[in-house]
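# Notes for the structure review
Here are the chains, one letter per residue:
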Amino acid sequence: MSKVLYIKANAKGEGESRTFQIADSFIKEYKQLNPQDEVIELDLYDLNIPFLPKGKLNEMHEAVMQKDKNHPVLKFAYQFAEADKYVIAEPIWNLGLPAILKAYIDCVAISGITFTYTENGPVGLCHNKKAINIITRGGDYSAEPMESLEMADKYLRNIFGFMGITDFTTIATDRLDIVTEDTTALLNDSFERAKTAAPSF
Ligand SMILES: Cc1cc2nc3c(=O)[nH]c(=O)nc-3n(C[C@H](O)[C@H](O)[C@H](O)COP(=O)(O)O)c2cc1C
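Note that the structure is a prediction, hence the values are computed from the model and not measured. Counting starts from 1 at the beginning of each chain's written sequence and moves along it residue by residue. Totals for whole chains, interfaces and linings use all residues, but because this is a predicted model, local features are given only for residues with pLDDT of at least 70 and pairs of side-chain atoms are given and counted only at 80 or more. The side-chain values count all of the structure's non-hydrogen atoms but skip hydrogen atoms and water molecules.

UniProt positions are given in the numbering used here, feature names are shortened, and annotations may be inferred rather than shown by experiment. The residues that UniProt annotates with the feature "binding site: FMN" (unreviewed entry) are Thr136, Arg137, Gly138 and Gly139. Within the fold, Arg137 resides in the loop between strand 6 (130–136) and helix 5 (146–149). Residue classification places Arg137 among the buried positions, given a relative accessible area of 8%. By definition in these notes, contact holds between two residues if any of their heavy atoms fall within 4.5 Å. Ignoring sequence-local partners within four residues, the contact set of Arg137 consists of Ile92, Glu150, Asp153, Ala172, Thr173, Asp174, Arg175 and Leu176. The term polar contact refers here to a pair of N or O atoms within 3.5 Å; inside protein, the definition further demands a hydrogen-donor-capable atom paired with an acceptor-capable atom, and it admits residues adjacent in sequence only when both atoms are side-chain atoms. A polar side-chain atom of Arg137 sits 2.5 Å from a polar atom in the side chain of Asp174. Mapped onto the fold, Gly138 is located in the loop between strand 6 and helix 5. Here a helix means four or more residues in a row that DSSP labels H or I, a strand means two or more in a row labelled E, and each is numbered from the N terminus. For every residue, the accessible area obtained with a 1.4 Å probe (protein chains only) is divided by the maximum for its type, and the residue is called buried under 20%, exposed over 50%, and partly exposed between those limits.

With that settled, consider the pairing of strand 2 (residues 38–43). As judged from the six bridges shared by strand 1 (residues 3–8) and strand 2, these two strands associate in the parallel manner. Each residue of the ladder has a partner; that of Val4, found in strand 2, is Val39. For the crossover from strand 1 across helix 1 (residues 18–33) to strand 2, the handedness is right-handed. Pairing between strands is defined by DSSP: at least two bridges between the two strands are required. A crossover gets the label right-handed when its path from the first strand over the helix to the second runs clockwise, viewed with the strands pointing away from the viewer.

Moving on to the UniProt feature "domain: Flavodoxin-like fold" (unreviewed entry) in the protein. Per the UniProt entry, the sites bearing "domain: Flavodoxin-like fold" (unreviewed entry) are residues 2–189 in this numbering. Across residues 2–189 one finds 35% helix and 22% strand; the C-alpha atoms that close the span lie 28 Å apart.

This next bit is on the nonpolar core. Residues belong to one nonpolar core when they are buried, are Ala, Val, Leu, Ile, Met, Phe, Trp, Tyr or Cys, and are joined through side-chain atoms within 4.5 Å. Grouped together as the largest cluster of nonpolar side chains are 41 residues, with contacts concentrated most on Ile7, Phe80, Tyr86, Tyr104 and Phe160. Put simply, the parts of the chain that give this core at least two residues each are strand 1, strand 2, helix 2 (57–65), helix 3 (74–82), strand 3 (85–91), helix 4 (99–108), strand 6 and helix 6 (153–162). The element best represented in this core is helix 4, accounting for seven residues. With residues up to four places along the chain from it excluded, the contact list for Tyr86 reads Leu5, Ile7, Phe80, Lys129, Lys130, Ala131, Ile132, Phe160, Ile165 and Phe201.

On to the site of the ligand. The immediate surroundings of the ligand are formed by 17 residues, with Ser17, Thr19, Thr136, Tyr141 and Asp177 found nearest. For the ligand, an oxygen atom lies 2.4 Å from a polar atom in the side chain of Thr19. Using a 1.4 Å probe, accessible areas were evaluated by the Shrake-Rupley method; residue-level cover was limited to the displayed protein chains. For the ligand, whose accessible area on its own is 640 Å², the fraction buried by protein is 76%. Considering only residue class, the shell around the ligand consists of five nonpolar, seven polar and five charged. The criterion for a residue being near a molecule or strand is simple. One of its heavy atoms has to lie within 4 Å of it. In the scheme used here, Gly and all other residues not listed as nonpolar or charged are polar, with Ala, Val, Leu, Ile, Met, Phe, Trp, Tyr, Cys and Pro taken as nonpolar and Asp, Glu, Lys and Arg as charged.

Ring geometry is summarised as follows: Phe, Tyr and Trp rings, the Trp one being its six-membered ring, pair when their centres sit within 6.5 Å, and such pairs are stacked at plane angles under 30 degrees, edge-to-face over 60 and tilted between the two. For the structure shown, the criterion picks out 10 aromatic pairs. With 4.2 Å between their ring centres and 20 degrees between their planes, Phe80 and Tyr86 make a pair best called stacked. For Tyr86, a relative accessible area of 0% puts it in the buried group. Here Tyr86 and Phe160 contribute two aromatic rings whose centre-to-centre distance is 5.7 Å and whose plane-to-plane angle is 80 degrees, an arrangement assigned as edge-to-face.

If you want it as structure tokens, here you go:
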């Protein structure tokens, strides 16, 4: 049995967010194929995700030594480390990821829990895990010069790799806010791609 974290980062609610619609279709298919798995939904806007506490970083690292799983920051890192798979649903915002998702990553990328420092530099501690990033974008980042400006999917792929999660798939939907686009067709294509990705996840 696998533990799956479904990490949702959008200020738009259920029914309004196209990102969530695509990710929900992936999750629905995944659950049908893997009824024994535990899927834990983390709607980040509902979780009071903290910023790293001012003046208390040393205290936080002492709490890591004590393996304090109830610590307001570390509880997210322990939960992350105990999961096997991650499904992320994010829109691109201002070329990057929504700030709440970055705040969550700051709670999760904790030395001693999800990565560690060695004499050869940092190494990830999250092994044999996989992630899928379901990302939507108003513009089109599939080719240069826009491709280089994209820092949402790229950042997430890099930070997951940093924690040891190199099996990282992206399902991107571009052009959603281009007025001449047939957004229904774009979304239908994404629902299909999400469904097709579920069996091998
Ligand atoms: C605050 C904000 C910033 C955005 N910045 C970008 C951006 O930098 N590039 C882009 O292509 N789209 C941008 N968009 C458009 C969204 O990415 C797009 O509408 C969204 O992915 C659609 O998914 P949703 O319906 O789930 O929100 C932005 C939207 C908002 C609300």
